Amino acid sequence: MAPAGRWVRAAHTALSAALALGLLLHRTDLQKQEERGELLQPLIFVLLVLCSILLYFKVSLMDPGFVKPEEEAKEGGDKGQSVVISHIPGDVKLRRCGYCLVKQPMRARHCQLCQHCVRRYDHHCPWLENCVGERNHPLFIVYLSVQLVVLLWGSHVAWSGLYFEQSWEWLQHNIFLLVSFLLILIFTIVVLLLLASHLYLISCNITTWEFMSHHRISYLRHSELENPFDQGIILNLWRFFCSRHLIAWENIYAHKNSEAV
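Below, the structure is looked at part by part.

Rules behind the numbers
Residues numbered from 1 in each chain as written. Predicted model: local features only at pLDDT ≥ 70, side-chain atom pairs only at ≥ 80, totals over all residues. Heavy atoms only, no water. Helix = DSSP H or I, 4+ residues; strand = E, 2+ residues; numbered from the N terminus. Contact = heavy atoms within 4.5 Å. Areas by Shrake-Rupley, 256 points an atom, 1.4 Å probe, with all protein chains shown as cover. Expected span 1.5 Å × (residues − 1). Buried < 20%, exposed > 50% of the residue type's maximum accessible area, 1.4 Å probe, protein only. Arc of directions from axis to C-beta. Disulfide = S-S within 2.5 Å. 1 Å grid on protein atoms, 1.4 Å probe; cavity = no way out; pocket = protein on both sides within 12 Å on 5 of 7 lines; lining within 4 Å. Points joined across faces, edges and corners; volume = space filled by probe spheres on them. Nonpolar A, V, L, I, M, F, W, Y, C, P; charged D, E, K, R; others polar. Salt bridge = Lys/Arg side-chain N within 4 Å of Asp/Glu carboxyl O. Axes fitted to C-alpha atoms, helices over the stretch in contact; angles between N-to-C directions. Parallel < 35°, antiparallel > 145°, perpendicular 65-115°, else oblique. Phe/Tyr/Trp six-rings, centres within 6.5 Å; stacked < 30°, edge-to-face > 60°. Lys NZ or Arg CZ within 6 Å of the ring centre and 35° of its normal. Patch = residues over 30% accessible without salt bridge, like charges linked within 9 Å, V, L, I, M, F, W, Y side chains within 5 Å.

## So, the overall build of the protein
Here is step 1: Within the protein, the regular secondary structure consists of nine helices and six strands.
Here is step 2: Considering only residue pairs separated by 6 or more positions, the protein has 65% of its internal contacts joining residues 24 or more positions apart.
Here is step 3: For the protein, the exposed surface amounts to about 14700 Å²; the carbon and sulfur share of it is 65%.

## Observations concerning helix 3 (residues 40–61)
Here is step 1: With 22 residues, helix 3 ought to run about 32 Å at 1.5 Å a step, and its terminal C-alpha atoms sit 32 Å apart, in line with that.
Here is step 2: Among the residues making up helix 3, those that are buried are P42, F45, V49, S52, I53, L55, Y56, V59 and S60. Buried residues of helix 3, seen end-on, are gathered within an arc of 160 degrees and therefore sit on one face of the element. What points out from helix 3, more than 90 degrees from its buried face, is the exposed set L40, L54 and L61.

## A look at the state of the cysteines
Here is step 1: The final tally for this structure, using the stated rule, is zero disulfides.
Here is step 2: The structure places no disulfide on C117, whose sulfur is separated from the nearest cysteine sulfur, that of C100, by 3.4 Å.
Here is step 3: Take C117: its relative accessible area is 0%, and that puts it in the buried class.

## Overview of the layout of surface pockets
If a probe the size of a water molecule is rolled over the atoms, the empty space left behind becomes visible.
Here is step 1: In this structure, the largest pocket encloses a volume near 650 Å³.
Here is step 2: Taken together, 26 residues form the lining of the largest pocket, with R95, Q104, I217, S218 and Y219 sitting closest to its centre.
Here is step 3: Breaking the lining of the largest pocket down by element, the ones donating at least two residues are strand 2 (109–111), helix 7 (218–221) and helix 9 (249–260).
Here is step 4: Looking at which element gives the most residues to the lining of the largest pocket, the answer is helix 9, with three residues.
Here is step 5: Each residue belonging to the lining of the largest pocket can be placed in one class, and the counts come to 12 nonpolar, eight polar and six charged.
Here is step 6: Space inside the second largest pocket adds up to approximately 480 Å³.

## Observations regarding the pattern of salt bridges
Think of it this way: side chains of opposite charge can pair up when their charged atoms draw near.
Here is step 1: One pass over the full model with this rule turns up five salt bridges.
Here is step 2: Among the ionic pairs, E35 bridges to R27, the shortest N-O distance being 2.6 Å.
Here is step 3: Exposure remark for R27: the relative accessible area of 45% places this residue in the partly exposed category.
Here is step 4: Across the pair R135 and D63 runs a salt bridge, and its minimum N-O distance is 3.9 Å.

## Considering the packing of helix 1 (residues 3–25) against helix 3
To describe two helices that pack against each other, one gives the angle between their axes and the distance between the axes.
Here is step 1: Look at helix 1 against helix 3: their axes get within 11 Å of each other, and the N-to-C directions meet at 175 degrees. Considering their axes alone, helix 1 and helix 3 lie roughly antiparallel with respect to each other. Where helix 1 abuts helix 3, its residues V8, R9, H12, T13, S16, A20, L23 and L24 lie against P42, F45, V46, V49, I53, Y56, F57, S60 and L61.

## Considerations on the packing of aromatic side chains
Here is step 1: Taken as a whole and judged by the stated rule, the model has nine aromatic pairs.
Here is step 2: Between Y56 and Y143, the ring centres sit 6.0 Å apart and the planes meet at 50 degrees, which makes this aromatic pair tilted. One end of the pair, Y56, is in helix 3; the other, Y143, is in helix 4 (residues 137–160), and 87 residues separate them in sequence.
Here is step 3: With a relative accessible area of 5%, Y143 lands in the buried category.
Here is step 4: Measuring from ring centre to ring centre gives 5.9 Å for Y219 and F229, while their planes differ by 75 degrees; the resulting arrangement is edge-to-face. Here F229 lies in the loop between helix 7 and helix 8 (233–242) and Y219 lies in helix 7, a separation of 10 residues in the sequence. There is no split in this pair, since Y219 and F229 are both buried.
Here is step 5: An aromatic cluster is defined as three or more aromatic residues linked by ring pairs; in this entry it consists of Y219, F229, W249 and Y253.
Here is step 6: The side chain of R107 reaches across the aromatic face of W249, ending 4.5 Å from its centre.
Here is step 7: Lying across the ring of W209, R109 places its NZ or CZ 3.8 Å from the centre.

## Observations concerning a nonpolar patch on the surface
Here is step 1: Taken together, the side chains of L43, L47 and L50 present a nonpolar region at the surface, about 290 Å² in accessible area.
Here is step 2: By the element assignment, L43 lies in helix 3.

## Digging into unusual backbone geometry
Here is step 1: Phi angles above zero are rare outside glycine, and E129 is one such case at about 55 degrees.
Here is step 2: By the element assignment, E129 lies in the loop between strand 4 (123–125) and strand 5 (130–132).
Here is step 3: Not every positive phi belongs to a glycine, and N205 is a case in point at roughly 55 degrees.
Here is step 4: The topology assignment puts N205 in the loop between helix 5 (168–204) and helix 6 (208–212).

Written out as structure tokens, the structure is:
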């Protein structure tokens, strides 16, 4: 684990724990429920925070879909997911990466921060200190969804503890809740926009990298279709969330383009 990654993950954990603990210790709805002996909602809130932290570590530490050099020597299975690929269509040419010299599957891209080619590369997330690719992208969406629930609930809890007065004593007494509410509000907007944009792109079966750099990607520029991977919203979502295999995008690309001719 790189030193930068350790610091980023430590900062995420410390911030999440500090905000959650502060909301439980201040005079908020959660604390009032604790005092009345109603422990269900505080317990669920704590479990959701822990779940979001565990998901964060899982997504940030797992293999996003690194292309291994040994994959050229054998078609098919690897440790956890097998590659659905019997042959490469003759009209599809795979390129060799100029950095790590592996043959890139279609939709893969080299990440200079991770120093690997990543299958179905979406983006490199600085908050995760990891790429988001074909293996961890579905779990990344789950993480964002859980994080959004935590943030929305946290903003409600922080607001419930605020009562407004124009005095210095009020500010001293409420500064933590006020700062917490503003931070949570900012994070909520960011996570909401991120989740919404990713769900839209997933429904179209296009990655962030492909969406932002369509004109620079050879297989998109030379395709007969605007998006040769789009198979309709239902099938796109099914492949993304339910497929247990790495997908041979070359076969889908060749099939869709042959239909368009």
